[in-house]
Every structure is written in structure tokens, then in C-alpha cells.
Amino acid sequence: MSLLWTLLLALVAAFWLVYGLRVGLEALRLPWLDEVAPATDADCPSLSLLFTARDEAAALPRALASFAALDYPRLEIIAVDDRSRDETGRILHEAAERDPRLRVLTVRELPPGWLGKPHGLATAYRQARGEWLVFTDADVCFAPDVLRRAIALARVRALDHLTLLGRLEMTGFWEKVALTFFGLGFHFAARPGRAADPRAPHYVGVGAFQLVRRSAYEASGTHRRLALEVVDDMKLGKIVKQAGFRSAAAVAGERVRVRWYAGLGELVRGVTKNFFAGAEYKLRVVALQVLGLMLFYLLPFLALPFVRGTELILAGVAALAAVVLHGGICWGMGVSVLYALTQPLGALLFLYLLLRSTAVTLWRGGVEWRGTFYPLAELRKGMV
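Residues numbered from 1 in each chain as written. Predicted model: local features only at pLDDT ≥ 70, side-chain atom pairs only at ≥ 80, totals over all residues. Heavy atoms only, no water.

Moving on to the environment of Thr361. Here Thr361 is to be found in helix H13 (residues 343-364). Remark: the alpha-carbon pair of Thr361 and Asn274, spanning 87 residues in sequence, is separated by 9.8 Å. The contacts of Thr361, once residues within four sequence positions are left out, are Thr272, Phe276, Gly366, Val367 and Leu376. (Helix = DSSP H or I, 4+ residues; strand = E, 2+ residues; numbered from the N terminus. Contact = heavy atoms within 4.5 Å.)

Shown next, in the form of C-alpha cells:
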């Protein structure tokens, strides 16, 4: 039994020292927008900023104010009011009266075979005239120079698709525990630093900011291919890269900000539709994720009080490496590095959310999103 524990802890320590170090170095090598000078007017191609909103009256004013302050010479902004029941429509139309660059489209009925968000973005695209497109969300705030810098970075790196890792606004202990662990998991699972390698299978897409060349977007199939994708942002990165175009991620820092979910309760409810979708609605994938969480993120910490000798050294090495890497993620997300010590709590919370998302989706037989229910069989058929 002691040999088994030794081998198991050796595997966990090797995971953090080898795979973890590789992921950490990839994260450090991600380009930052700060490193690139904003594009001049002459180097700014026409650009369309596209987003869809449903019942976003609380978050819209701040986002729209940041869009209105964008410093970009050839910009149009297209907003889609997706069947809102609150003041979203009024807020958008009043903003359009103040900003001639903003146009508002209204979706009153969702056609069959579409999720609301992909349909809204597809609707906006059909009216867009820009050579480049930026897909974003209705609760995101931009710095005035973010578009100039993103276009400059895309030109320097010869990219067709660029997604930006922005700053999540977090308040309260549990939000920071959850979201910093999500950030760690995102880097380990998606490996955004590998997205730029055309030989690697990794891809990345973040809903807050995705810049894509119009011709590449059209050749990849547009959001029509993502019509039933709950994680449409990540899958946009996938279809663009699979179509042979150059894709990459960069760090925006404070230049892209979003309050993803306000409070732990909203976070729990909000990701119910996402986590089982992220596992491709496959129970075997969920089982592997559960095993990985327990083995690599929980076992080193749980074992520390109960092991001695070589096993203690292995568990200590794994736990220390995990905390150091988590601390780097916390630093990058603008949170105290002390939150790295909460990794076991974050892993337990993630485990709960994954199992809850799986159970609720299977119990309901599908997902409810933006006021519409989508059967699980239909969602599975629509995956790319």
C-alpha cells in the first residue's frame, strides 16, 4: 500500500513539476497589449464591434459608456436586443441617439435550431460592414485604445483571430476563490499559449473580446456553425484555427474588464449550462475531470497531514508547485497571491459545479438559456 501511495504522489508531483511548469512558461510568454503601440489612423482597417444583449439593463450603461469612448477612426457598433423583457431596448436606442456609430437591431422571435447568443451575433454580423469584426458581450468595458492596440498586435503577429484575456472584477472571498481557480483550470485545460502554434490542437476564445478577420470568419462558417454551441466563444476559436487561419491569445489586463457574475449564488446558477457542455455532454469526460480534480488538485493537500518520509516530500513538492502556479494566476488576475492557498477550496467548488451542471442538465434533459429550453439531444448534434 505504501508503494502505491508513493507512486501516486510521485505522479502528482511530476504533473505539477513538468506539465505545470510548461503551462506556467506558456502563460508568461503570452503577449500583452501594453507591449504594442496603438495603430495609427492610416493603419486602422474598418472594424465592426458586435454584441447581443438580453435583459442586460443593469450592466449595459457602463459598457455602452466605454464603447462610446473608444478611440478608433473607422468603427461601427452593432447591438442586438435579443427578446429583452426589461429596459435593454430603451437603453440601447437612447445610446444610439447619442452615438452615430451605434446601430440597434431587434430580435423578437428566436428561429428553430439556434441558441439566443449565437443567433444574435449572427444577426449583427449580417449587418456589419467592417473588414475586421470584434465579438464581445453586453457587460464588458473597454479602454479607449484597446481596438487600436489589438489591431496593431494582430498585424505584428500576422493573425486572423485574436482573443484577449481581460480582467475579471471580483468582490468577496468566495468569488475570488472560485474565479482564481477557474483561471488556473483554464490555463491548464485550454493552454492559451499554444493556440498560436498551428501544429498544436489547442484553441482559445473568450467571449469578452474576439477580434477576427471577416474573410477568416466567413471561411470558417460564421456563427451558423455555432448555432447550438453553449460555449460558442471557445468554439469560435476552434473553427477558425481548424480552417487553417492564424489564431492567438493575448493579455489585455485592465483594458478589458468584465463583472462575470455578481456573487457566488449567481455564479453557481450561471455556469450550470456551461460545465457539462464543456465536457461535451459526455459522462466519461466528466468522470475523467472529476478524477483529475481529486488526484492533482486535492490529493497533495489532503495527504500532507497523513504521510511521512518520501511521501511527505512528494506531497509537499506537489502542493508547493501548485500554490506557486496558482499564485502566478492570482497575480495576473489582480488578486492577492494569498488566494493561491485556497486551491483545495476552489477545487471542491469546481467539483461541485461540474457535478451539479451534469446532474441538472441530465435531469432536465437539456439546458435553459435566455428564456428558451434546448433539448440535450439537439445540443449534442450541434457540437463542433
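Moving on, there is more to tell.
Let us look at the pattern of salt bridges. Evaluated as defined, the whole model comprises 26 salt bridges. Arg213 is the salt-bridge partner of Asp160, the closest N and O atoms lying 3.0 Å from each other. With a gap of 53 residues between them, Asp160 in the loop between helix H5 (146-156) and strand S6 (161-168) and Arg213 in strand S7 (residues 210-213) connect regions that are remote in the sequence. Judged by its relative accessible area of 13%, Asp160 falls in the buried class. (Salt bridge = Lys/Arg side-chain N within 4 Å of Asp/Glu carboxyl O. Buried < 20%, exposed > 50% of the residue type's maximum accessible area, 1.4 Å probe, protein only.)

So, about the packing of aromatic side chains. The way to describe two aromatic rings as a pair is by their centre distance and the angle between their planes. According to the stated counting rule, one finds 23 aromatic pairs in the structure shown. With 5.4 Å between their ring centres and 25° between their planes, Phe15 and Tyr19 make a pair best called stacked. Taken together, the positions of Phe15 and Tyr19, both in helix H1 (residues 2-29) and 4 residues apart, correspond to about one turn of that helix. Relative to Tyr297, the ring of Phe181 has its centre 5.3 Å away and its plane inclined at 75°; by these criteria the two rings are edge-to-face. (Phe/Tyr/Trp six-rings, centres within 6.5 Å; stacked < 30°, edge-to-face > 60°.)

Let us now look at the environment of Pro192. The residue Pro192 is located in the loop between helix H6 (173-190) and S7 in this model. Linking Pro192 and Ala27, residues 165 residues apart in sequence, is a C-alpha distance of 7.5 Å.

Taken together, 8 strands build an open sheet; the order of strands is S3-S2-S1-S4-S7-S6-S8-S5 and the sheet is mixed. Each end of this open sheet is capped by a strand with a single partner; those strands are strand S3 (102-107) and strand S5 (140-142). For this sheet the average axis-to-axis angle between neighbouring strands, irrespective of direction, equals 30°. Pairing of S5 with strand S8 (residues 247-258), which is carried by 3 bridges, proceeds in the antiparallel orientation. Within S8, the position partnered with Val140 by the bridge is Val258. Lying on the sheet, H5 is in contact with strand S1 (47-53), strand S2 (75-82), strand S4 (132-135), S5, S6, S7 and S8; it crosses S8 at an angle near 165°. (Pairing = 2+ DSSP bridges. Axes fitted to C-alpha atoms, helices over the stretch in contact; angles between N-to-C directions.)

A few words on the nonpolar core. Of all hydrophobic cores here, the largest spans 65 residues; its most connected members are Trp16, Phe182, Phe188 and Tyr297. Counting 46 residues, the second-largest nonpolar core is a separate cluster that includes Leu33, Leu47, Leu159 and Val258. (Core = buried A, V, L, I, M, F, W, Y, C linked by side-chain atoms within 4.5 Å.)

Another aspect to go through is helix H11 (residues 283-303). Here H11 spans 28 Å end to end across 21 residues, near enough to the 30 Å set by a 1.5 Å rise per residue. At Tyr297, H11 is bent by approximately 35°, the largest bend along its length, and proline Pro300 sits one to four residues beyond. Buried within H11 are the following residues: Val286, Val290, Gly292, Leu293, Leu295, Phe296, Tyr297, Leu298, Leu299, Pro300, Phe301 and Ala303. Where H11 is buried, its residues touch H1, H6, helix H10 (275-278), helix H12 (309-332) and H13. (Expected span 1.5 Å × (residues − 1). Bend = angle between axes of the 7 residues up to and from the residue.)

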